[in-house]
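Descriptive analysis of the structure
Chain by chain, the residues:
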Amino acid sequence: MKKYELTNETKEFGTRTLYRIRALRDIPKHEVVAGDLGGWVESESNLSQDGDSWVSDDAYVSGNAWVYGNAHVSGDAIVSGRARVYNDARVYGDAYVTGNARVFGDARVFGDARVYGDAIVTCDARVSGDARVYDNARVYDNVRVCGNAWVSCDACVSGRARVYGNAWVHGDAQATGDAHVYGDAIVSGHAYVTDDARLPSRDSIFTASYVGTENGTLTVTSGVSGLVVTRGCFTGSVDEFLTKSRDVHDEKTHNEYRMLIEVAKSRIPNHVIPNTED
């Protein structure tokens, strides 16, 4: 049995004609009963006839976009292009998901947020406000991206990280753990921000690439307990890092790291940032 049908009520969306849908069976998960009118689709290829997925209110799904599983698109949200929204994901408010973007798991995209390009938002991630996630960016776990924040290029935000304000995470950068990137902070390149790092501004981070015996990237940021140093699989305080460096590296490499740490100290004005609530 089909889950819904297309009605004769139409609406133009650009050059496309959309059709209001009507439920043919109850969908308790979304408080839909048979006979209820839903949102708008261009064709039955936009909303699966299986599962409990639904489009409601004035939400649009068009192009080659597909909503399936138990996903719900509502409010004035738009899903277009070749985007996919599935599992138990929700897109609502005035949110816009397009391109080849994927929103799945228990993810939520709402407010005026935009997810596009080949971006992925999944797990319990939330993207809201005027935030943008695009290009090949990945946002997952319990991440929150909100305000006017942007996550782009090949950046990855995971763990319980928070990106908000006017912050921007891009390039091949990663923000994870309990890191907070906010204000006008920018995390870019191959920077790796983690643990209790707190970046309220652009001068809250120092990176140096092609350093050490592996020609990797050294990242130093302000944090709740002082400077946080990340290099490869190591993350810790300045003292912990220098102690480890002295134990495992030759004198030349250790001195290189020691000098870079001194530069980082001079570049990052506030070494200790108060803890920031969710």
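With 17 residues, helix 2 (residues 251-267) extends 24 Å from end C-alpha to end C-alpha; this agrees with the ideal 24 Å at 1.5 Å per step. Among all positions of helix 2, only Thr 253, His 254, Tyr 257, Leu 260, Ile 261 and Ala 264 are buried. Viewed along the axis of helix 2, the buried residues span an arc of 125°, placing them on a single side of the element. Exposed positions of helix 2 whose direction lies more than 90 degrees from the buried face are Glu 251, Lys 252, Met 259 and Ser 266. Tucked into the core, helix 2 has its buried residues touching strand 29 (205-211), strand 30 (216-221), strand 31 (228-231) and helix 1 (238-248).

With that settled, the discussion passes to the nonpolar core. Counting residues in each nonpolar core, the largest one holds 58 residues, and the members touching the most others are Val 91, Val 109 and Val 121. Elements supplying a minimum of two residues to this core: strand 2 (16-23) and strand 4 (54-55). Setting aside chain neighbours within four positions, we find Val 121 in contact with Arg 102, Val 103, Phe 104, Ala 107, Val 109, Val 115, Val 127, Val 133 and Val 139. By size, the runner-up hydrophobic cluster in this structure holds 16 residues, among which are Leu 218, Val 238, Leu 242 and Leu 260.

A word on the side chain of Thr 253. Structurally, Thr 253 is set in helix 2. Beyond its immediate stretch of four places on either side in the chain, Thr 253 contacts Gly 212 and Thr 213.

In total, this model carries eleven aromatic pairs according to the counting rule given. Each ring, one from Phe 234 and one from Phe 241, has its centre 5.6 Å from the other, and the planes form 50°; the classification is tilted. Feature note: the residues Trp 66, Tyr 68, Tyr 86 and Phe 104 constitute an aromatic cluster, connected by ring pairs. One cation-aromatic arrangement involves Arg 90 over Tyr 92; the distance from NZ or CZ to the ring centre is 4.3 Å.

A grouping of Asp 57, Asp 76, Asp 94, Asp 112 and Asp 130 is seen on the molecular surface, where their side chains present a negatively charged patch. Under the relative-accessibility criterion, Asp 94 is labelled partly exposed at 39%.

Here we come to the pattern of salt bridges. A full pass over the atoms with the stated rule returns eleven salt bridges. In this structure, Lys 29 engages Asp 88 in a salt bridge whose closest nitrogen and oxygen atoms are separated by 3.4 Å. With Lys 29 in the loop between strand 2 and strand 3 (37-41) and Asp 88 in the loop between strand 9 (84-85) and strand 10 (90-91), this residue pair connects regions lying 59 residues apart in the sequence. Ionic pairing is found between Glu 262 and Lys 265, a salt bridge with its closest N-O pair at 3.6 Å. With Glu 262 and Lys 265 both in helix 2, this residue pair falls three residues apart, about one helical turn. Glu 262 sits in the partly exposed class, given a relative accessible area of 42%. Given the relative accessible area of 33%, Lys 265 is considered partly exposed. If you follow the salt bridges from partner to partner, you end up with Glu 9, Lys 11, Arg 20 and Asp 58 in one network.

With that out of the way, let us pick up the packing of helix 1 against helix 2. Between helix 1 and helix 2, the least distance of the axes is 9 Å, while the angle of their chain directions is 165°. With respect to each other, helix 1 and helix 2 are oriented roughly antiparallel. Taken as a pair, helix 1 and helix 2 cross one another with a handedness that is right-handed. Here helix 1 contributes Val 238, Phe 241, Leu 242, Ser 245 and Arg 246 to the contact with helix 2, which in turn contributes His 254, Tyr 257, Arg 258, Ile 261 and Lys 265. Partitioning the contact of helix 1 with helix 2 into residue classes produces five nonpolar, two polar and three charged.

Thresholds, definitions, all that
Residues numbered from 1 in each chain as written. Predicted model: local features only at pLDDT ≥ 70, side-chain atom pairs only at ≥ 80, totals over all residues. Heavy atoms only, no water. Helix = DSSP H or I, 4+ residues; strand = E, 2+ residues; numbered from the N terminus. Expected span 1.5 Å × (residues − 1). Buried < 20%, exposed > 50% of the residue type's maximum accessible area, 1.4 Å probe, protein only. Arc of directions from axis to C-beta. Contact = heavy atoms within 4.5 Å. Core = buried A, V, L, I, M, F, W, Y, C linked by side-chain atoms within 4.5 Å. Phe/Tyr/Trp six-rings, centres within 6.5 Å; stacked < 30°, edge-to-face > 60°. Lys NZ or Arg CZ within 6 Å of the ring centre and 35° of its normal. Patch = residues over 30% accessible without salt bridge, like charges linked within 9 Å, V, L, I, M, F, W, Y side chains within 5 Å. Areas by Shrake-Rupley, 256 points an atom, 1.4 Å probe, with all protein chains shown as cover. Salt bridge = Lys/Arg side-chain N within 4 Å of Asp/Glu carboxyl O. Lys, Arg positive; Asp, Glu negative; His and termini not counted. Charge placed at Lys NZ, Arg CZ, Asp CG, Glu CD. Axes fitted to C-alpha atoms, helices over the stretch in contact; angles between N-to-C directions. Parallel < 35°, antiparallel > 145°, perpendicular 65-115°, else oblique. Left-handed = near helix turned anticlockwise from the far one by under 90°. Nonpolar A, V, L, I, M, F, W, Y, C, P; charged D, E, K, R; others polar.

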